[in-house]
Amino acid sequence: MTLTKAELADLLFEKVGLNKREAKDMVEAFFDEIRIALEGGDSVKLSGFGNFQLRDKPQRPGRNPKTGEEIPITARRVVTFHASQKLKLAVETLDHANAAQ
Amino acid sequence: MTKSELIARLAARFPQLVAKDADLAVKVVLDAMTAALSRNDRIEIRGFGSFALNYRPPRVGRNPKSGEKVNVPAKHVPHFKAGKELRERVDLNGEA
């Protein structure tokens, strides 16, 4: 099972009492606001869940794995996610006998 | 941006809702995401990214202070992969 925007919207309908339209819009807005903050260079800290941070990576040498040709990987800004202690604990305690790979 | 700022921005976007609804909505979404990951379910948000668990096999670690060997049990750790749209919009050098 994969959790998607559709299931999140269903939950907002059931648990918050938003109408279907509002629930769908709210889910879109939730991820949109996080994206806007990150786009603007602002990190996002959701206590109890985790932090989205930005990292500026310098240019580094790369290689086309097919041709072996050397091409530089350009400098870029990337998003990294760091799970909170609470989230880490919640997933660590999985049943490893069944869940491993 | 913190969680309370996110709630405030969402409340401002939905003036027809009471402020408490934005607060509850954020809680419901984050709880559902935590619950999904703790069932080892993936989360896939188009345009934003995906969350999944990475498996870390058991290993023998060392207490850096005493040098003593300790068994570190297998565990899962959450992992986020930014989606194409987020990646491009965040990258300063990305095409607009």
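Residues numbered from 1 in each chain as written. Chains lettered and ligands numbered in written order. Predicted model: local features only at pLDDT ≥ 70, side-chain atom pairs only at ≥ 80, totals over all residues. Heavy atoms only, no water.

**Q** Now, about the packing of helix α3 (residues 85-92) of chain A against helix α2 (residues 19-38) of chain B: what can you tell me, with residues and values included?
**A** A packed helix pair is summarised by two numbers, namely the angle formed by the two axes and the spacing between the axes. The interhelical angle for the contact between α3 of chain A and α2 of chain B, taken along N-to-C directions, is 35 degrees, at an axis separation of 8 Å. When the axes of α3 of chain A and α2 of chain B are compared, the crossing they make is right-handed. Residue-level inspection shows L87, A90 and V91 of chain A of α3 of chain A in contact with α2 of chain B, the latter providing T34, L37 and S38 of chain B. For the contact of α3 of chain A with α2 of chain B, the residue count by class is 4 nonpolar, 2 polar and no charged. (Axes fitted to C-alpha atoms, helices over the stretch in contact; angles between N-to-C directions. Helix = DSSP H or I, 4+ residues; strand = E, 2+ residues; numbered from the N terminus. Left-handed = near helix turned anticlockwise from the far one by under 90°. Contact = heavy atoms within 4.5 Å. Nonpolar A, V, L, I, M, F, W, Y, C, P; charged D, E, K, R; others polar.)

**Q** Give a description of the interface of chain A and chain B that names residues and reports values.
**A** Of the residues lining the interface, 51 residues belong to chain A; the matching set on chain B comes to 50 residues. When chain A packs against chain B, close to 4800 Å² is buried across both sides, 71% of that on carbon and sulfur atoms. As a salt-bridge pair, R89 of chain B and E39 of chain A come within 2.8 Å of each other at their nearest N and O atoms. Put simply, chain A and chain B have 13 residue pairs in polar contact (both at pLDDT 80 or more) between them. Examining the composition of the side of chain A that touches chain B, we find that 14 residues originate from one element, helix α2 (residues 20-39) of chain A, more than from any other. The residue makeup of the side of chain A that touches chain B, split by class, is 31 nonpolar, 6 polar and 14 charged. (Buried area = accessible area lost by both parts, 1.4 Å probe. Salt bridge = Lys/Arg side-chain N within 4 Å of Asp/Glu carboxyl O. Polar contact = N/O pair within 3.5 Å; in protein donor to acceptor, adjacent residues only side chain to side chain.)

**Q** Which residues make up a positive patch on the surface, and what are the values?
**A** Judged by side-chain charge, R55, K57, R60 and R76 of chain A together with K81 and R87 of chain B come together as a positively charged surface patch. Tracing the sequence through the fold places R87 of chain B in helix α3 (residues 84-90). (Patch = residues over 30% accessible without salt bridge, like charges linked within 9 Å, V, L, I, M, F, W, Y side chains within 5 Å. Areas by Shrake-Rupley, 256 points an atom, 1.4 Å probe, with all protein chains shown as cover. Lys, Arg positive; Asp, Glu negative; His and termini not counted. Charge placed at Lys NZ, Arg CZ, Asp CG, Glu CD.)

**Q** Can you explain the sheet that holds strand β2 (residues 44-46) of chain A? Please cite residues and give values.
**A** Residue and element names in this part refer to chain A. Read across the open sheet, the 3 strands follow the order β2-β3-β6; overall the sheet is antiparallel. Either end of the sheet is taken by a strand with one partner, and the two such strands are β2 and β6 (76-83). Taken over all neighbouring pairs, the strand axes of this sheet differ in orientation by 25 degrees on average, direction set aside. Where strand β3 (residues 50-57) and β6 come together, 8 bridges link them in antiparallel fashion. By the bridge assignment for β6, F52 is matched with F81. Across the sheet, α2 touches β2, β3 and β6, and the angle it forms with β2 is around 140 degrees. (Pairing = 2+ DSSP bridges.)

**Q** An account of the packing of α2 of chain A against α2 of chain B is requested, with residue identities and associated values reported.
**A** The contact between α2 of chain A and α2 of chain B brings their axes to 11 Å, and the two run at 80 degrees. With respect to each other, α2 of chain A and α2 of chain B are oriented roughly perpendicular. Contacts between α2 of chain A and α2 of chain B involve M26, F30 and F31 of chain A from the former and A22, A25, V26, V29, L30 and M33 of chain B from the latter. Looking at the contact of α2 of chain A with α2 of chain B residue by residue, the classes come out as 9 nonpolar, no polar and no charged. (Parallel < 35°, antiparallel > 145°, perpendicular 65-115°, else oblique.)

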